[in-house]
Amino acid sequence: MRKYKFIKRTLWLISLLPFPVLYAFADFASLFVRRYYRRQIVRDNLRSAFPEKSDKELAEIERKFYHQFCDNFVEDIKMLSMSKKEMMRRMTFSGLEEIKKRHEAGQRFHFLYLSHFGNWEWISSINYQLQPWSNSGQIYHHIYDRVMNQLFIDLRGQYGGQNIEMKETFRRILQLRKENKNYTIGFISDQQPKWSSIHHFVPFLHHDTAVFIGAEHIARKVDAFMMYGRMSRPKRGYYHLDIIPMEDHPANVPENTLTDWYFRLLEEDIKEHPEMWLWTHKRWSRTKEEWLRRQAQK
């Protein structure tokens, strides 16, 4: 694809710029992105998620969010030329020993709950940390723009992890099980499901929120150790993921227990650092009331 090669080559050249230059561009760009990119959606989301906050407080969260949003953009471009050494210095992990311990005990699948918080793209570098005792993979949602879809597939796969398209998740994991290898797989589970895929709601940021239950459902099928990834940003250009154990054997707990727990943990993180979550999508457009009405019509 000639267009893709040209765009990737151009972005690679931009990625050679040092971080201070890229962040200077991000600071400048945030002024315009905040003004023109989905500002009303961001404001509506923040206002409904934090009804207790003043207009001044919400405006400050909005300003910080657009800075984070633009930082993510240049950080993702930087991935094209970052060395292994630099990535491992800037994206760190704790709690990996919990995964290794369960691998050594014979548990081959480990599922990591993630979200659109901080810079989630850098987490794919976890494969550097897991080798040689585990392989890694990440579930991704297909992007309709072919160029952008291929770019992010390449970015996420460059560290050696498996890219698994969301609609192929269960089939692909069953295939991986036949390989008799260890896998740690990340699920970004804070997206909004389609009407036909809604099976569960959770209280989340003052909303009855429709959620995906796929990660927990598949974990019960393959007996995967479940974890939550808590991301922090020690300083600009540096991220840390603390891996929190949740459940060794998901089938031992009632259905949806882990999904509910995941959203409670995510809500804690968002309340602590609201600017780090992705606010640009209409997260609550599928209401429980409308879902119940549709169910009644079937």
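Up top is the structure.
The structure presented is a predicted model; accordingly, all values stated were derived computationally and were not measured.

Draft legend 1. Structural detail: the pairing of strand β7 (residues 207-210). As paired elements, strand β6 (residues 201-204) and β7 share four bridges and run antiparallel to each other. Across the sheet, Phe204 pairs through a bridge with His207, a residue of β7. Between β6 and β7, which follow one another and run antiparallel, lie two residues, and Leu205 among them has a positive phi close to 55°.

Draft legend 2. Representation of empty space enclosed by the protein within the structure. Tallying each qualifying case throughout the model produces two cavities of 30 Å³ or more. Taken as a whole, the largest cavity holds about 60 Å³ of empty space. Surrounding the largest cavity, Leu114, Ser115, Phe117, Ile123, Tyr228, Gly229, Met231, Leu241 and Asp269 form its lining. It is strand β8 (residues 225-235) that provides the largest number of residues to the lining of the largest cavity, a total of three residues. Class assignment of the residues belonging to the lining of the largest cavity gives a composition of six nonpolar, two polar and one charged.

Draft legend 3. The layout of surface pockets, seen in detail. By volume, the second largest pocket amounts to about 190 Å³. Residue lining of the second largest pocket: Asp27, Arg63, Lys64, His67, Gln68, Asp71, Arg233, Arg236, His273, Glu275 and Met276, and that is the complete set. When residues in the lining of the second largest pocket are grouped by element, the largest group, five residues, is from helix α4 (residues 55-78). Counted by class, the lining of the second largest pocket contains one nonpolar, three polar and seven charged residues.

Draft legend 4. Quick peek at a nonpolar patch on the surface. A grouping of Phe28, Leu31, Phe32 and Tyr36 is seen on the molecular surface, where their side chains present a nonpolar patch of about 500 Å² in accessible area. Topologically, Tyr36 is positioned in helix α2 (residues 19-36).

Draft legend 5. Just the packing of helix α9 (residues 169-178) against helix α10 (residues 214-222), in detail. Contact geometry for α9 and α10: axes closest at 11 Å, N-to-C directions at 25°. Relative to α10, α9 is oriented roughly parallel. α9 and α10 meet at a crossing whose hand is right-handed. When α9 is examined against α10, the residues Thr169, Phe170, Ile173, Leu174 and Arg177 are found in contact with a partner set consisting of Ile218, Lys221 and Val222.

Draft legend 6. Spotlight on the packing of α2 against α4. Look at α2 against α4: their axes get within 8 Å of each other, and the N-to-C directions meet at 135°. In terms of axis orientation, α2 runs oblique to α4. Considering how the two elements wind past one another, α2 and α4 form a crossing that is right-handed. For the pair α2 and α4, contact is made by Phe19, Leu22, Tyr23, Phe25, Ala26, Asp27, Ala29, Ser30, Val33 and Arg34 and by Ala59, Glu62, Arg63, Tyr66, His67, Phe69, Cys70, Asp71, Phe73, Val74, Glu75 and Lys78, respectively. The class makeup of the residues in the contact of α2 with α4 is 13 nonpolar, two polar and seven charged.

Draft legend 7. Broad picture of the sheet that holds β8. Read from one edge of the open sheet, seven strands run β1-β9-β8-β2-β5-β3-β4, paired in mixed fashion. Looking at the sheet topology across the chains shown, the edges are occupied by β1 (91-94) and β4 (162-165). Within this sheet the neighbouring strands show an average axis-to-axis angle of 30°, counted without direction. Sheet analysis places strand β3 (residues 135-140) next to strand β5 (residues 183-188), joined by four bridges and oriented parallel.

Draft legend 8. Broad picture of the nonpolar core. With 80 residues, the main nonpolar core has Phe111, Ile185 and Trp279 as its most contacted residues. Ranked by residues supplied to this core, first place goes to α4 with seven residues. Setting aside chain neighbours within four positions, we find Trp279 in contact with Ile41, Val42, Asn45, Leu46, Ala49, Phe50, Phe65, Leu205, Ile270, Pro274 and Trp284.

Draft legend 9. Looking closely at the pattern of salt bridges. Within the structure shown, the criterion is met by 20 salt bridges. Here Lys8 makes a salt bridge to Asp154, at a shortest N to O gap of 3.3 Å. Placement of the pair is Lys8 in helix α1 (residues 2-15) and Asp154 in helix α8 (residues 146-157), with a sequence separation of 146 residues. Look at Lys8 and you get partly exposed, because its relative accessible area is 30%. Classification of Asp154 by relative accessible area gives partly exposed; the value is 24%.

What counts as what
Residues numbered from 1 in each chain as written. Predicted model: local features only at pLDDT ≥ 70, side-chain atom pairs only at ≥ 80, totals over all residues. Heavy atoms only, no water. Pairing = 2+ DSSP bridges. Helix = DSSP H or I, 4+ residues; strand = E, 2+ residues; numbered from the N terminus. 1 Å grid on protein atoms, 1.4 Å probe; cavity = no way out; pocket = protein on both sides within 12 Å on 5 of 7 lines; lining within 4 Å. Points joined across faces, edges and corners; volume = space filled by probe spheres on them. Nonpolar A, V, L, I, M, F, W, Y, C, P; charged D, E, K, R; others polar. Patch = residues over 30% accessible without salt bridge, like charges linked within 9 Å, V, L, I, M, F, W, Y side chains within 5 Å. Areas by Shrake-Rupley, 256 points an atom, 1.4 Å probe, with all protein chains shown as cover. Salt bridge = Lys/Arg side-chain N within 4 Å of Asp/Glu carboxyl O. Axes fitted to C-alpha atoms, helices over the stretch in contact; angles between N-to-C directions. Parallel < 35°, antiparallel > 145°, perpendicular 65-115°, else oblique. Left-handed = near helix turned anticlockwise from the far one by under 90°. Contact = heavy atoms within 4.5 Å. Core = buried A, V, L, I, M, F, W, Y, C linked by side-chain atoms within 4.5 Å. Buried < 20%, exposed > 50% of the residue type's maximum accessible area, 1.4 Å probe, protein only.

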